[in-house]
Amino acid sequence: MSESKAPTQPITDTPPANGLGYGPIKPLTVRLNESTRTQLDLIAQLNDRTVTDECRLAIDAWIEKAKADPAIQARAQAVRDEIEREAASKRDAIAAIFDAPTPKTSRGKAPVS
């Protein structure tokens, strides 16, 4: 079924970056069974929006719900902690390489390059 050509309702209050109310667009293909697609088409038509707009609204709502999920928040914190551990390890390695004292000659002076 083709997408409705009905006028699009504004999705957000932010000024559109590309005429759609979103920043740069990356395509996403979603395969739906015929029944789900037909229902989505009907909902879009009843709301006077495109199927794409309905999908964006649904995904935005799902993301907001996921952000509030305590289990996801805990996993995100664990990922942040792991990133910080890895970053600290890399900082220590760089410091060991580049912040090491300059080797001195037998007379106590740094070698001349």
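The shown structure was predicted, so the numbers you read here are calculated from the model rather than taken from an experiment.

Engineer: I'd like to hear about the overall build of the chain, residue by residue, with values.
Structural biologist: Secondary structure assignment for the chain yields three helices and zero strands. Along its sequence from the N terminus, the chain presents helices and strands in the succession α-α-α. In the chain, which comprises 113 residues, the share counted as buried stands at 12%. Long-range pairs, those at least 24 residues apart, make up 50% of the contacts in the chain with a sequence separation of at least 6. Accessible area of the chain: about 9,700 Å², with a carbon and sulfur share of 59%.

Engineer: Could you give me a rundown of the pattern of salt bridges, with the residues and numbers involved?
Structural biologist: A side chain with one charge can pair with a side chain of the opposite charge if their charged atoms come near. Per the stated rule, a full pass over the model turns up five salt bridges. Two residues, Arg56 and Asp53, come together in a salt bridge whose shortest N-O distance is 3.6 Å. You can see Arg56 and its partner Asp53 sitting in helix H2 (residues 51-67), three residues apart, about one turn around the helix. As far as burial versus exposure is concerned, Arg56 and Asp53 are alike and both buried. Arg85 is paired through a salt bridge with Glu82; the nearest N and O atoms lie 2.8 Å apart. Of this pair, Arg85 and Glu82 both sit in helix H3 (residues 70-98), three residues apart, which is roughly one turn of that helix.

Engineer: Outline the side chain of Asp41, supporting the account with residue identities and numerical values.
Structural biologist: Considering the arrangement of structural elements, one finds Asp41 in helix H1 (residues 34-46). Residue Asp41 is classed as buried on the basis of its relative accessible area, which comes to 10%.

Engineer: Which residues make up H1, and what values go with them?
Structural biologist: Between its first and last C-alpha, H1 extends 18 Å over 13 residues, near the 18 Å set by a 1.5 Å rise per residue. Of all the residues in H1, the buried ones are Leu40, Asp41 and Ala44. The buried residues of H1 all sit within an arc of 100° when viewed along its axis, so they share a single face. The exposed residues of H1 that point more than 90 degrees off its buried face are Gln45 and Leu46. On its buried face, H1 sits against H2. The opening residue of H1 is Asn33, an N-cap whose side-chain oxygen sits 3.2 Å from the backbone nitrogen of Ser35.

Engineer: Tell me about the confidence of the model for the chain, and please be specific about residues and values.
Structural biologist: When pLDDT is averaged along the chain, the result is 83; 69% of the residues meet or exceed 70. Counting interchain partners and residues more than four positions distant, the pLDDT-below-50 stretch residues 11-15 has eight contacts.

Engineer: Let's hear about H3: which residues, and what values?
Structural biologist: Helix length check: H3, at 29 residues, gives a terminal C-alpha distance of 41 Å against a target of 42 Å (1.5 Å per residue), a fit within 8%. A side-chain oxygen of the first residue of H3 lies 2.8 Å from the backbone nitrogen of Ala71; this N-cap is Asp69.

Reading the values: the criteria
Residues numbered from 1 in each chain as written. Predicted model: local features only at pLDDT ≥ 70, side-chain atom pairs only at ≥ 80, totals over all residues. Heavy atoms only, no water. Helix = DSSP H or I, 4+ residues; strand = E, 2+ residues; numbered from the N terminus. Buried < 20%, exposed > 50% of the residue type's maximum accessible area, 1.4 Å probe, protein only. Contact = heavy atoms within 4.5 Å. Areas by Shrake-Rupley, 256 points an atom, 1.4 Å probe, with all protein chains shown as cover. Salt bridge = Lys/Arg side-chain N within 4 Å of Asp/Glu carboxyl O. Expected span 1.5 Å × (residues − 1). Arc of directions from axis to C-beta. Polar contact = N/O pair within 3.5 Å; in protein donor to acceptor, adjacent residues only side chain to side chain. pLDDT = per-residue confidence, 0-100.

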